[in-house]
Amino acid sequence: MEQAVVIIGAGLGGLTLARVLHVHGIPSVVYEAEPGAGSRTQGGQLDIHDHNGQRALEAAGLTEGFRSIIHEGGEATRVLDRDGTMLIDEPDDGRHRRPEVLRGDLRRLLLDSLPAGTVRWGRKLAGASRLGDGRHEVVFADGSSTVADLLVGADGAWSRVRPLLSDATPRYAGATFIETYLHDADNRHPRAAAAVGAGAMFALAPGRAIFAHREAGDLLHVYVELKRPAEWFTGIDFGDPAAKGLVAAEFAGWAPELTALVTDSDTPLVPRPIHTLPIGHRWQRVPGVTLLGDAAHLMPPSGEGANLAMLEGAELADALVRHPGDVEAALAAYEEPMFARAALEAVDAHRMLELCLGDDAPSGFIAMMKRMSEPDRRPS
Ligand SMILES: Cc1cc2nc3c(=O)[nH]c(=O)nc-3n(C[C@H](O)[C@H](O)[C@H](O)COP(=O)(O)OP(=O)(O)OC[C@H]3O[C@@H](n4cnc5c(N)ncnc54)[C@H](O)[C@@H]3O)c2cc1C
(Lines give C-alpha, C1' and ligand atoms only; values in the text may rest on other atoms or scores of the structure.)
Protein backbone atom coordinates (compact mmCIF):
# COMPACT_ATOMS: atom_id res chain seq x y z
CA MET A 1 0.00 0.00 0.00
CA GLU A 2 1.33 3.48 -0.81
CA GLN A 3 0.50 6.62 1.13
CA ALA A 4 1.38 10.19 0.32
CA VAL A 5 2.04 11.69 3.76
CA VAL A 6 2.99 9.30 6.56
CA ILE A 7 3.45 10.78 10.03
CA ILE A 8 5.03 8.67 12.76
CA GLY A 9 3.78 9.66 16.23
CA ALA A 10 0.43 11.04 17.44
CA GLY A 11 1.92 13.49 19.95
CA LEU A 12 0.94 17.15 19.79
CA GLY A 13 3.37 17.83 16.91
CA GLY A 14 2.28 14.99 14.64
CA LEU A 15 -1.41 15.63 15.27
CA THR A 16 -1.08 19.36 14.56
CA LEU A 17 0.60 18.54 11.24
CA ALA A 18 -2.20 16.10 10.32
CA ARG A 19 -4.88 18.60 11.32
CA VAL A 20 -3.46 21.59 9.40
CA LEU A 21 -2.95 19.39 6.32
CA HIS A 22 -6.59 18.28 6.66
CA VAL A 23 -7.75 21.92 6.87
CA HIS A 24 -6.09 22.40 3.46
CA GLY A 25 -7.59 19.23 1.99
CA ILE A 26 -4.38 17.16 2.15
CA PRO A 27 -4.86 13.67 3.61
CA SER A 28 -2.28 12.01 5.84
CA VAL A 29 -1.98 8.92 8.01
CA VAL A 30 -0.56 9.01 11.54
CA TYR A 31 0.95 5.81 12.94
CA GLU A 32 1.12 5.70 16.73
CA ALA A 33 2.80 3.07 18.93
CA GLU A 34 0.30 3.38 21.78
CA PRO A 35 -2.68 1.01 21.51
CA GLY A 36 -5.35 3.71 21.81
CA ALA A 37 -6.17 7.30 22.67
CA GLY A 38 -6.71 6.54 26.35
CA SER A 39 -3.94 4.01 26.87
CA ARG A 40 -1.62 6.37 28.78
CA THR A 41 -2.41 9.28 31.07
CA GLN A 42 -1.34 12.34 29.12
CA GLY A 43 -0.49 13.92 32.47
CA GLY A 44 0.45 17.45 33.11
CA GLN A 45 -0.54 20.95 32.33
CA LEU A 46 1.12 22.86 29.50
CA ASP A 47 1.21 26.60 29.03
CA ILE A 48 0.44 27.35 25.41
CA HIS A 49 2.19 30.50 24.24
CA ASP A 50 0.74 33.19 22.01
CA HIS A 51 3.80 33.28 19.70
CA ASN A 52 4.02 29.54 18.93
CA GLY A 53 1.47 27.03 20.31
CA GLN A 54 -1.50 29.40 19.94
CA ARG A 55 -0.43 30.30 16.39
CA ALA A 56 -0.42 26.61 15.50
CA LEU A 57 -3.90 26.15 16.96
CA GLU A 58 -5.12 29.12 14.94
CA ALA A 59 -3.74 27.53 11.74
CA ALA A 60 -5.54 24.35 12.80
CA GLY A 61 -8.84 26.27 13.14
CA LEU A 62 -9.07 25.20 16.78
CA THR A 63 -8.77 28.47 18.71
CA GLU A 64 -12.34 28.31 19.97
CA GLY A 65 -11.97 24.71 21.16
CA PHE A 66 -8.68 25.64 22.80
CA ARG A 67 -10.28 28.51 24.72
CA SER A 68 -12.89 26.11 26.08
CA ILE A 69 -10.25 23.92 27.77
CA ILE A 70 -8.16 26.68 29.41
CA HIS A 71 -7.60 26.30 33.14
CA GLU A 72 -8.48 29.85 34.21
CA GLY A 73 -6.16 31.39 36.83
CA GLY A 74 -3.42 28.84 36.15
CA GLU A 75 -0.92 31.42 34.87
CA ALA A 76 -0.14 32.62 38.42
CA THR A 77 3.56 32.07 39.25
CA ARG A 78 5.46 32.26 42.50
CA VAL A 79 8.98 31.59 43.71
CA LEU A 80 9.60 30.49 47.30
CA ASP A 81 12.81 30.33 49.24
CA ARG A 82 13.70 26.96 50.77
CA ASP A 83 12.35 28.18 54.13
CA GLY A 84 9.00 28.94 52.49
CA THR A 85 9.49 32.73 52.26
CA MET A 86 7.72 34.20 49.23
CA LEU A 87 10.31 35.75 46.88
CA ILE A 88 8.03 36.46 43.92
CA ASP A 89 4.25 36.24 43.64
CA GLU A 90 2.71 37.05 40.26
CA PRO A 91 -1.04 36.58 39.92
CA ASP A 92 -2.65 35.44 36.67
CA ASP A 93 -3.26 38.71 34.78
CA GLY A 94 -6.04 37.12 32.70
CA ARG A 95 -4.41 38.17 29.42
CA HIS A 96 -4.02 34.59 28.20
CA ARG A 97 -0.49 35.02 26.88
CA ARG A 98 0.45 31.60 28.27
CA PRO A 99 -2.81 29.93 29.32
CA GLU A 100 -2.65 26.50 30.89
CA VAL A 101 -4.38 23.44 29.49
CA LEU A 102 -4.14 19.75 30.24
CA ARG A 103 -2.03 17.95 27.66
CA GLY A 104 -4.68 15.23 27.45
CA ASP A 105 -7.44 17.79 26.67
CA LEU A 106 -5.32 19.34 23.94
CA ARG A 107 -4.51 15.99 22.40
CA ARG A 108 -8.21 15.07 22.49
CA LEU A 109 -9.11 18.36 20.75
CA LEU A 110 -6.69 17.56 17.94
CA LEU A 111 -7.75 13.90 17.68
CA ASP A 112 -11.43 14.84 17.46
CA SER A 113 -10.66 17.29 14.65
CA LEU A 114 -9.28 14.59 12.35
CA PRO A 115 -11.28 12.37 9.99
CA ALA A 116 -11.95 8.91 11.44
CA GLY A 117 -9.15 6.48 10.66
CA THR A 118 -6.43 9.12 10.30
CA VAL A 119 -4.63 7.79 13.38
CA ARG A 120 -3.66 4.11 13.27
CA TRP A 121 -3.12 3.02 16.87
CA GLY A 122 -0.83 0.22 18.02
CA ARG A 123 1.51 0.66 15.06
CA LYS A 124 5.04 1.08 16.38
CA LEU A 125 7.60 1.99 13.76
CA ALA A 126 10.40 -0.58 13.74
CA GLY A 127 12.44 1.01 10.96
CA ALA A 128 12.36 2.71 7.58
CA SER A 129 14.51 2.38 4.48
CA ARG A 130 15.05 4.43 1.33
CA LEU A 131 13.45 3.21 -1.90
CA GLY A 132 14.71 6.05 -4.12
CA ASP A 133 12.82 9.04 -5.59
CA GLY A 134 12.23 10.26 -2.02
CA ARG A 135 10.01 7.29 -1.17
CA HIS A 136 10.52 5.21 1.97
CA GLU A 137 9.39 1.77 3.05
CA VAL A 138 8.11 1.96 6.60
CA VAL A 139 8.01 -1.26 8.65
CA PHE A 140 6.09 -1.69 11.89
CA ALA A 141 6.76 -3.91 14.89
CA ASP A 142 3.70 -6.05 14.04
CA GLY A 143 5.33 -6.94 10.71
CA SER A 144 3.06 -4.75 8.56
CA SER A 145 4.51 -2.11 6.24
CA THR A 146 3.64 0.80 3.98
CA VAL A 147 5.38 3.06 1.48
CA ALA A 148 5.52 6.82 2.09
CA ASP A 149 5.97 9.57 -0.49
CA LEU A 150 6.73 11.89 2.43
CA LEU A 151 7.79 10.45 5.81
CA VAL A 152 7.62 12.73 8.88
CA GLY A 153 9.21 11.66 12.16
CA ALA A 154 7.10 13.16 14.94
CA ASP A 155 8.03 10.26 17.19
CA GLY A 156 9.67 12.11 20.04
CA ALA A 157 12.95 11.77 21.93
CA TRP A 158 13.85 8.26 20.79
CA SER A 159 12.76 8.73 17.18
CA ARG A 160 13.15 5.76 14.85
CA VAL A 161 12.94 8.08 11.84
CA ARG A 162 15.91 10.26 12.94
CA PRO A 163 18.61 7.73 11.85
CA LEU A 164 17.55 8.34 8.21
CA LEU A 165 18.80 11.91 8.65
CA SER A 166 21.36 12.07 11.42
CA ASP A 167 23.66 9.99 13.63
CA ALA A 168 22.86 12.09 16.70
CA THR A 169 21.47 10.35 19.79
CA PRO A 170 20.14 11.93 22.98
CA ARG A 171 22.54 12.22 25.93
CA TYR A 172 21.71 12.59 29.63
CA ALA A 173 21.56 16.31 30.49
CA GLY A 174 22.81 15.82 34.06
CA ALA A 175 19.46 16.16 35.85
CA THR A 176 16.39 14.02 36.50
CA PHE A 177 12.88 15.23 37.23
CA ILE A 178 10.87 13.07 39.63
CA GLU A 179 7.14 13.35 39.10
CA THR A 180 4.31 12.83 41.57
CA TYR A 181 0.80 14.06 42.43
CA LEU A 182 -1.19 15.15 45.50
CA HIS A 183 -4.95 14.66 45.19
CA ASP A 184 -7.80 16.65 46.77
CA ALA A 185 -5.13 19.14 47.75
CA ASP A 186 -7.07 21.84 49.61
CA ASN A 187 -8.77 19.30 51.88
CA ARG A 188 -6.11 16.69 52.34
CA HIS A 189 -2.88 18.69 51.92
CA PRO A 190 -3.82 22.27 52.91
CA ARG A 191 -0.33 23.53 53.81
CA ALA A 192 1.27 22.20 50.64
CA ALA A 193 -1.67 23.53 48.61
CA ALA A 194 -1.32 26.98 50.19
CA ALA A 195 2.41 26.99 49.41
CA VAL A 196 1.75 26.22 45.74
CA GLY A 197 -1.03 28.80 45.36
CA ALA A 198 -3.23 29.09 42.27
CA GLY A 199 -0.70 28.28 39.54
CA ALA A 200 2.98 27.36 39.39
CA MET A 201 5.39 27.38 42.32
CA PHE A 202 9.19 27.15 42.07
CA ALA A 203 11.47 26.52 45.06
CA LEU A 204 15.04 26.45 43.80
CA ALA A 205 18.50 25.88 45.26
CA PRO A 206 21.83 24.76 43.80
CA GLY A 207 21.46 21.20 42.53
CA ARG A 208 17.87 20.70 43.74
CA ALA A 209 14.45 22.19 43.16
CA ILE A 210 10.77 21.57 43.72
CA PHE A 211 8.40 22.70 41.01
CA ALA A 212 4.67 22.25 41.57
CA HIS A 213 1.61 23.21 39.64
CA ARG A 214 -2.03 23.37 40.65
CA GLU A 215 -4.10 21.63 38.01
CA ALA A 216 -7.82 21.44 37.42
CA GLY A 217 -9.61 19.11 39.86
CA ASP A 218 -7.72 20.30 42.97
CA LEU A 219 -4.62 18.39 41.95
CA LEU A 220 -1.02 19.32 42.72
CA HIS A 221 1.40 18.09 40.07
CA VAL A 222 4.94 18.00 41.42
CA TYR A 223 8.36 17.71 39.82
CA VAL A 224 11.37 17.35 42.06
CA GLU A 225 14.47 18.26 40.07
CA LEU A 226 17.86 16.85 41.08
CA LYS A 227 21.20 17.44 39.43
CA ARG A 228 22.79 14.01 39.90
CA PRO A 229 24.44 11.39 37.70
CA ALA A 230 22.01 8.97 36.05
CA GLU A 231 23.44 6.08 38.13
CA TRP A 232 22.29 7.73 41.38
CA PHE A 233 18.67 7.26 40.27
CA THR A 234 19.07 3.71 38.95
CA GLY A 235 20.08 2.72 42.48
CA ILE A 236 16.64 3.73 43.86
CA ASP A 237 13.57 1.48 43.76
CA PHE A 238 10.96 4.16 42.96
CA GLY A 239 8.14 1.61 43.34
CA ASP A 240 9.02 1.31 47.04
CA PRO A 241 7.28 3.95 49.23
CA ALA A 242 10.63 4.40 51.03
CA ALA A 243 11.85 6.22 47.90
CA LYS A 244 9.87 9.27 49.05
CA GLY A 245 11.99 9.49 52.21
CA LEU A 246 15.19 9.14 50.19
CA VAL A 247 14.22 11.92 47.81
CA ALA A 248 12.90 14.16 50.62
CA ALA A 249 16.24 13.73 52.42
CA GLU A 250 17.77 15.75 49.57
CA PHE A 251 15.74 18.69 50.92
CA ALA A 252 16.77 18.43 54.59
CA GLY A 253 16.12 21.74 56.38
CA TRP A 254 13.55 22.95 53.82
CA ALA A 255 10.12 24.18 54.97
CA PRO A 256 7.79 21.26 55.83
CA GLU A 257 5.09 22.56 53.45
CA LEU A 258 7.63 22.11 50.63
CA THR A 259 8.97 18.68 51.61
CA ALA A 260 5.33 17.57 52.10
CA LEU A 261 5.00 17.84 48.31
CA VAL A 262 7.19 14.72 48.23
CA THR A 263 6.50 12.90 51.50
CA ASP A 264 2.70 13.28 51.35
CA SER A 265 2.27 12.53 47.66
CA ASP A 266 -0.57 10.21 46.68
CA THR A 267 1.11 8.47 43.77
CA PRO A 268 4.43 6.63 43.38
CA LEU A 269 7.40 8.76 42.36
CA VAL A 270 8.27 8.44 38.67
CA PRO A 271 11.80 9.41 37.56
CA ARG A 272 12.06 11.30 34.27
CA PRO A 273 15.72 11.51 33.26
CA ILE A 274 16.29 14.60 31.12
CA HIS A 275 17.99 13.97 27.79
CA THR A 276 19.09 16.34 25.07
CA LEU A 277 20.25 16.31 21.47
CA PRO A 278 23.27 18.53 20.68
CA ILE A 279 22.40 22.24 20.57
CA GLY A 280 22.02 23.21 16.92
CA HIS A 281 21.23 19.64 15.79
CA ARG A 282 20.55 19.69 12.04
CA TRP A 283 20.97 17.53 8.96
CA GLN A 284 21.56 17.70 5.23
CA ARG A 285 18.40 17.52 3.15
CA VAL A 286 17.46 13.90 2.41
CA PRO A 287 14.66 13.53 -0.15
CA GLY A 288 11.23 12.62 1.20
CA VAL A 289 11.86 12.63 4.96
CA THR A 290 11.96 15.16 7.79
CA LEU A 291 11.48 15.48 11.57
CA LEU A 292 9.60 17.78 13.90
CA GLY A 293 9.40 18.39 17.64
CA ASP A 294 11.51 16.37 20.06
CA ALA A 295 12.60 14.05 17.25
CA ALA A 296 14.32 17.04 15.63
CA HIS A 297 15.64 18.97 18.64
CA LEU A 298 15.12 17.28 22.02
CA MET A 299 16.14 19.76 24.74
CA PRO A 300 15.69 20.09 28.52
CA PRO A 301 12.16 21.14 29.54
CA SER A 302 11.79 24.92 29.34
CA GLY A 303 8.05 25.21 28.77
CA GLU A 304 8.58 25.42 24.99
CA GLY A 305 8.87 21.80 23.77
CA ALA A 306 5.20 21.07 23.11
CA ASN A 307 4.68 24.60 21.78
CA LEU A 308 7.55 24.18 19.30
CA ALA A 309 6.33 20.76 18.16
CA MET A 310 2.89 22.21 17.40
CA LEU A 311 4.28 25.27 15.62
CA GLU A 312 6.51 23.05 13.49
CA GLY A 313 3.54 20.81 12.63
CA ALA A 314 1.66 23.89 11.43
CA GLU A 315 4.66 25.33 9.57
CA LEU A 316 5.47 22.07 7.80
CA ALA A 317 1.85 21.80 6.66
CA ASP A 318 1.96 25.41 5.48
CA ALA A 319 5.17 24.78 3.51
CA LEU A 320 3.59 21.77 1.78
CA VAL A 321 0.54 23.87 0.90
CA ARG A 322 2.73 26.67 -0.50
CA HIS A 323 4.81 24.29 -2.65
CA PRO A 324 2.23 22.02 -4.29
CA GLY A 325 3.84 19.07 -6.06
CA ASP A 326 7.35 20.00 -4.83
CA VAL A 327 8.01 18.21 -1.56
CA GLU A 328 11.73 19.05 -1.60
CA ALA A 329 11.11 22.79 -1.88
CA ALA A 330 8.57 22.52 0.94
CA LEU A 331 10.95 20.60 3.21
CA ALA A 332 13.79 23.05 2.58
CA ALA A 333 11.48 25.99 3.31
CA TYR A 334 10.32 24.31 6.53
CA GLU A 335 13.69 23.10 7.82
CA GLU A 336 15.97 26.14 7.58
CA PRO A 337 13.94 28.46 9.86
CA MET A 338 13.15 25.52 12.14
CA PHE A 339 16.87 24.73 12.61
CA ALA A 340 17.69 28.36 13.42
CA ARG A 341 14.83 28.78 15.89
CA ALA A 342 15.41 25.42 17.59
CA ALA A 343 19.11 26.23 18.12
CA LEU A 344 18.16 29.45 19.95
CA GLU A 345 15.49 27.67 21.97
CA ALA A 346 17.94 24.92 22.93
CA VAL A 347 20.42 27.51 24.24
CA ASP A 348 17.61 29.01 26.33
CA ALA A 349 16.49 25.57 27.55
CA HIS A 350 19.98 24.68 28.79
CA ARG A 351 20.24 28.12 30.38
CA MET A 352 16.89 27.56 32.11
CA LEU A 353 18.10 24.25 33.55
CA GLU A 354 21.15 26.10 34.89
CA LEU A 355 19.00 28.93 36.31
CA CYS A 356 16.90 26.33 38.17
CA LEU A 357 19.68 24.06 39.41
CA GLY A 358 22.95 25.99 38.99
CA ASP A 359 25.18 27.36 41.73
CA ASP A 360 23.44 30.75 41.98
CA ALA A 361 19.86 29.39 42.10
CA PRO A 362 17.41 30.98 42.75
CA SER A 363 18.87 34.47 42.13
CA GLY A 364 19.35 34.10 38.35
CA PHE A 365 15.85 32.68 37.98
CA ILE A 366 14.35 35.55 39.97
CA ALA A 367 16.22 38.11 37.86
CA MET A 368 14.83 36.45 34.72
CA MET A 369 11.28 36.53 36.11
CA LYS A 370 11.61 40.21 36.94
CA ARG A 371 12.87 40.98 33.42
CA MET A 372 9.97 39.02 31.91
CA SER A 373 7.41 40.92 33.93
CA GLU A 374 8.61 44.37 32.80
CA PRO A 375 5.69 45.81 30.80
CA ASP A 376 7.71 46.51 27.62
CA ARG A 377 8.97 42.92 27.56
CA ARG A 378 5.52 41.38 27.57
CA PRO A 379 4.38 40.41 24.11
CA SER A 380 1.00 42.04 23.50
C1 LIG B 1 9.37 16.38 32.63
C2 LIG B 1 8.98 17.16 31.40
C3 LIG B 1 8.16 18.27 31.50
C4 LIG B 1 7.79 19.00 30.35
N5 LIG B 1 7.01 20.10 30.47
C6 LIG B 1 6.67 20.84 29.36
C7 LIG B 1 5.85 22.00 29.45
O8 LIG B 1 5.42 22.38 30.53
N9 LIG B 1 5.57 22.68 28.32
C10 LIG B 1 6.03 22.28 27.07
O11 LIG B 1 5.74 22.95 26.06
N12 LIG B 1 6.81 21.18 26.96
C13 LIG B 1 7.13 20.44 28.06
N14 LIG B 1 7.91 19.34 27.95
C15 LIG B 1 8.42 18.95 26.62
C16 LIG B 1 7.31 18.30 25.82
O17 LIG B 1 6.75 17.22 26.55
C18 LIG B 1 7.84 17.77 24.48
O19 LIG B 1 8.73 18.71 23.92
C20 LIG B 1 6.68 17.53 23.52
O21 LIG B 1 5.83 16.53 24.03
C22 LIG B 1 7.21 17.11 22.15
O23 LIG B 1 6.12 16.78 21.32
P24 LIG B 1 6.32 15.77 20.11
O25 LIG B 1 5.00 15.72 19.42
O26 LIG B 1 7.53 16.15 19.35
O27 LIG B 1 6.68 14.39 20.78
P28 LIG B 1 5.89 13.44 21.90
O29 LIG B 1 4.97 14.28 22.67
O30 LIG B 1 6.99 12.73 22.58
O31 LIG B 1 5.06 12.50 20.97
C32 LIG B 1 5.68 11.45 20.25
C33 LIG B 1 4.63 10.39 19.95
O34 LIG B 1 5.26 9.40 19.14
C35 LIG B 1 4.93 8.12 19.63
N36 LIG B 1 6.02 7.22 19.23
C37 LIG B 1 7.27 7.15 19.77
N38 LIG B 1 7.99 6.21 19.13
C39 LIG B 1 7.18 5.68 18.19
C40 LIG B 1 7.35 4.65 17.21
N41 LIG B 1 8.52 3.98 17.09
N42 LIG B 1 6.31 4.36 16.38
C43 LIG B 1 5.13 5.04 16.49
N44 LIG B 1 4.90 5.99 17.40
C45 LIG B 1 5.92 6.32 18.24
C46 LIG B 1 4.80 8.30 21.13
O47 LIG B 1 4.03 7.26 21.71
C48 LIG B 1 4.13 9.67 21.21
O49 LIG B 1 2.72 9.58 21.18
C50 LIG B 1 8.27 18.59 29.08
C51 LIG B 1 9.08 17.45 28.99
C52 LIG B 1 9.43 16.73 30.14
C53 LIG B 1 10.33 15.52 29.99
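Nothing here was measured: the structure is a model prediction, and the numbers come from that model.

For Leu 151, the location among the structural elements is in strand 10 (residues 145–153). In this structure, the C-alpha to C-alpha distance between Leu 151 and Val 289, residues 138 residues apart in sequence, is 4.7 Å. Here Leu 151 is in contact with Val 6, Ile 8, Ala 128, His 136, Val 138, Val 161, Leu 164, Gly 288, Val 289 and Thr 290, once residues within four sequence places are set aside.

What follows is about the sheet that holds strand 5 (residues 86–90). With mixed pairing, seven strands are arranged side by side in an open sheet as 5-4-12-13-14-11-15. Whereas interior strands pair on both sides, the edge strands pair on one side only; in this sheet they are strand 5 and strand 15 (270–276). Taken over all neighbouring pairs, the strand axes of this sheet differ in orientation by 20° on average, direction set aside. Bridging between strand 4 (residues 77–80) and strand 5 involves four bridges; their strand directions are antiparallel. Bridge pairing in strand 5 places Leu 80 opposite Met 86. Strand contacts of helix 12 (residues 327–357): strand 11 (171–182), strand 12 (200–205), strand 13 (208–215), strand 14 (219–226) and strand 15, with the helix running at about 60° to strand 11, the strand carrying the most contacts. Each of strand 4, strand 5 and strand 12 touches helix 13 (residues 363–372); the most contacted strand, strand 5, lies at about 25° to it.

Attention now moves to unusual backbone geometry. Peptide bonds are trans in most cases, and residues, glycine excluded, mostly fall at negative phi. Note that the residue after Ala 361, namely Pro 362, is joined by a cis bond; omega there is 5°. With respect to the helices and strands, the residue Pro 362 is situated in the loop between helix 12 and helix 13. Of note, Asp 184 is a non-glycine position whose phi angle comes to about 50°, a positive value. Note on placement: Asp 184 falls in the loop between strand 11 and helix 5 (185–188). Look at Asp 218: it is not a glycine, yet its phi comes out positive at around 55°.

Procedures and definitions
Residues numbered from 1 in each chain as written. Predicted model: local features only at pLDDT ≥ 70, side-chain atom pairs only at ≥ 80, totals over all residues. Heavy atoms only, no water. Helix = DSSP H or I, 4+ residues; strand = E, 2+ residues; numbered from the N terminus. Contact = heavy atoms within 4.5 Å. Pairing = 2+ DSSP bridges. Axes fitted to C-alpha atoms, helices over the stretch in contact; angles between N-to-C directions.

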